[in-house]
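These are the residues of each chain, in order.
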Amino acid sequence: MDNQKTLENLMAAFAGESQANRKYTAYAKKAEADGKKNAAKLFKAASDAETLHALKHFEVAGKIKSTAENLNDAVNGENYEYQSMYPEFLKTAQEDENQAAIRTFTYALKAEEVHARLYKEALDNLDQEEEVFYYLCPVCGNIEKFVPEKCPICGVPGSKFIKY
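Okay, so let's go over this structure. What you see as residue numbers is a count from 1 along each chain, following the sequence as written. Only residues with pLDDT of at least 70 get local features here, since the model is predicted, and only at 80 or more are side-chain atom pairs given and counted; chain-wide, interface and lining totals rely on the full set of residues. Hydrogens and water are ignored here; the side-chain numbers use all heavy atoms of the structure.

It is worth spelling out the nonpolar core at this point. Among the buried residues, those of types Ala, Val, Leu, Ile, Met, Phe, Trp, Tyr and Cys that are joined through side-chain atoms within 4.5 Å form a nonpolar core. Burial classes: relative accessible area under 20% of the type maximum marks a residue as buried, over 50% as exposed, and values in between as partly exposed (1.4 Å probe, protein chains only). Core analysis: the biggest nonpolar cluster contains nine residues, these being Ala 111, Tyr 135, Cys 137, Cys 140, Cys 151, Ile 153, Cys 154, Val 156 and Phe 161. Core analysis: the next-biggest nonpolar cluster, separate from the first, contains six residues, Tyr 82, Met 85, Leu 109 and Ala 116 among them.

Under the pairing criterion, centres of Phe, Tyr and Trp rings, with the six-membered ring standing for Trp, must be within 6.5 Å; the plane angle then separates stacked pairs below 30 degrees from edge-to-face pairs above 60, leaving the rest tilted. Evaluation of the coordinates by the stated rule reveals seven aromatic pairs. Residues Tyr 24 and Tyr 27 carry aromatic rings whose centres are separated by 6.2 Å and whose planes lie at 45 degrees to one another, so their mutual orientation is tilted. Of this pair, Tyr 24 and Tyr 27 both sit in helix α1 (residues 3-33), three residues apart, roughly one helical turn. On the basis of relative accessibility, which here comes to 40%, the residue Tyr 27 falls in the partly exposed class. Each helix is a run of H or I in the DSSP string that is no shorter than four residues. Each strand is a run of E no shorter than two, and both are numbered from the N terminus.

With that settled, consider unusual backbone geometry. Backbone geometry places Glu 97, a non-glycine residue, at a positive phi of 55 degrees. In this structure Glu 97 comes out as exposed when scored by relative accessible area, which is 64%.

This paragraph deals with the pattern of salt bridges. Salt bridge criterion: a side-chain nitrogen from Lys or Arg within 4 Å of a carboxyl oxygen from Asp or Glu. For the structure on display, the rule yields five salt bridges. The closest approach of N and O atoms between Glu 59 and Lys 56, which form a salt bridge, is 3.3 Å. Placement of the pair is Glu 59 and Lys 56 together in helix α2 (residues 37-60), with a separation of three residues, close to one helical turn. On the basis of relative accessibility, which here comes to 44%, the residue Glu 59 falls in the partly exposed class. A residue is classified by how much of its surface remains accessible, and Lys 56, at 44% relative accessible area, is partly exposed. With its nearest N and O atoms 2.7 Å apart, the salt bridge here joins Lys 120 to Asp 124. Linking Lys 120 with Asp 124, this pair stays in helix α4 (residues 99-124), spanning four residues, or about one helical turn. A relative accessible area of 38% places Lys 120 in the partly exposed class.

Below, the structure written as structure tokens:
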């Protein structure tokens, strides 16, 4: 057996199942908005099933390490997204004058920078026992450690933030 090929297949399966999860979540949201409760429930169940598949593929591929290693990986991933990936995407969207894409890429770029900082902070304080709460902006994906008056990225009222 070619272990390298199996690893590549596991990671391809992880990517495909992860995308299916998000796609079915979006479809469920649309079905709910359309009043199609049964379709929404099916999409939600399938989305959760795809998550189970993705997580198992990722685990079998050996990609889950120590919490410190996982935090380092997360910092690197978020840094790449806000420093390299989204600036390129944003440039293309601006050239295309696609305002919706410009907005979504800008929100994501700014939120990913915050995520990188929070992951680094969590890594630096890995043994901290004091519980920390996080608050998610449901519009742009910004995360804060307190409820702001309004989101510093997209302006959504702090009352809309979701507590973790």
